[in-house]
Amino acid sequence: MASIRNNSIEIQKSANAMAYATIVLEKVDEKSFNEIDENFVNALKTNGEIDVANDYAINFSTDVLEENLIKKVVVKVVYDINGEQKSITINKLKIKEIYKE
């Protein structure tokens, strides 16, 4: 019974972590290229666009590629299960919007 309970908790926490990562990446798609920076997740929290439970930590980083036209976004959600740290990491590319008139 204890093993089944632990597996259930691990599956639920993993699903929650994936949901948080997905929400952040959807917000990356919604925002402009210039809004995506190292403080992106903090800005989302401050604006009330995302609410993260205390037992999850979202690490967000960007790396500019191709002459400031592409950003590589890395979202890592860290959580704890029975004293063991687990994480989910997803990478995404954000391409700068170019408008021609």
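No experiment lies behind these values; they were computed from the predicted model shown. (Residues numbered from 1 in each chain as written. Predicted model: local features only at pLDDT ≥ 70, side-chain atom pairs only at ≥ 80, totals over all residues. Heavy atoms only, no water.)

(A) Expanded view of the pairing of strand S1 (residues 56-65). Bridge count between S1 and strand S2 (residues 70-81): 10 bridges; the pairing is antiparallel. Bridging from a neighbouring strand, aspartate 63 pairs with lysine 72 of S2. Here S1 folds back onto S2, and the loop between the two strands holds four residues, one of which, glutamate 66, carries a positive phi near 50°. (Pairing = 2+ DSSP bridges. Helix = DSSP H or I, 4+ residues; strand = E, 2+ residues; numbered from the N terminus.)

(B) Summary view of the pairing of strand S3 (residues 84-95). The sheet contact formed by S2 and S3 spans 12 bridges and is antiparallel. If you follow isoleucine 70 over to S3, its bridge partner there is isoleucine 95. What sits between S2 and S3 in their antiparallel hairpin is a turn of two residues, with asparagine 82 showing a positive phi close to 50°.

(C) How the structure looks around the nonpolar core. Val24, Ile58, Phe60, Val75 and Val77 are the most contacted members of the largest nonpolar core, which has 21 residues in total. Listing elements by their share of this core, those giving two or more residues are helix H1 (2-30), helix H2 (40-46), S1 and S2. By residue number, the principal contributor to this core is H1, which donates six residues. (Core = buried A, V, L, I, M, F, W, Y, C linked by side-chain atoms within 4.5 Å. Buried < 20%, exposed > 50% of the residue type's maximum accessible area, 1.4 Å probe, protein only.)

(D) Looking closely at the pattern of salt bridges. Going through the model one piece at a time under the given rule, you end up with eight salt bridges. One salt bridge connects glutamate 30 with lysine 27, and the closest N-O pair in it is separated by 3.5 Å. With glutamate 30 and lysine 27 both in helix H1 and three residues apart, the pair spans about one turn of that helix. For glutamate 30, a relative accessible area of 54% gives the class exposed. Between glutamate 49 and lysine 27 there is a salt bridge, with its nearest N and O atoms 3.5 Å apart. On the criterion of sequence distance, the pair formed by glutamate 49 in the loop between H2 and S1 and lysine 27 in helix H1 is long-range, its members being 22 residues apart. Three or more residues joined by partner-sharing salt bridges are found here, namely Lys27, Glu30, Lys31 and Glu49. (Salt bridge = Lys/Arg side-chain N within 4 Å of Asp/Glu carboxyl O.)

Read these as geometric descriptors, not functional statements.
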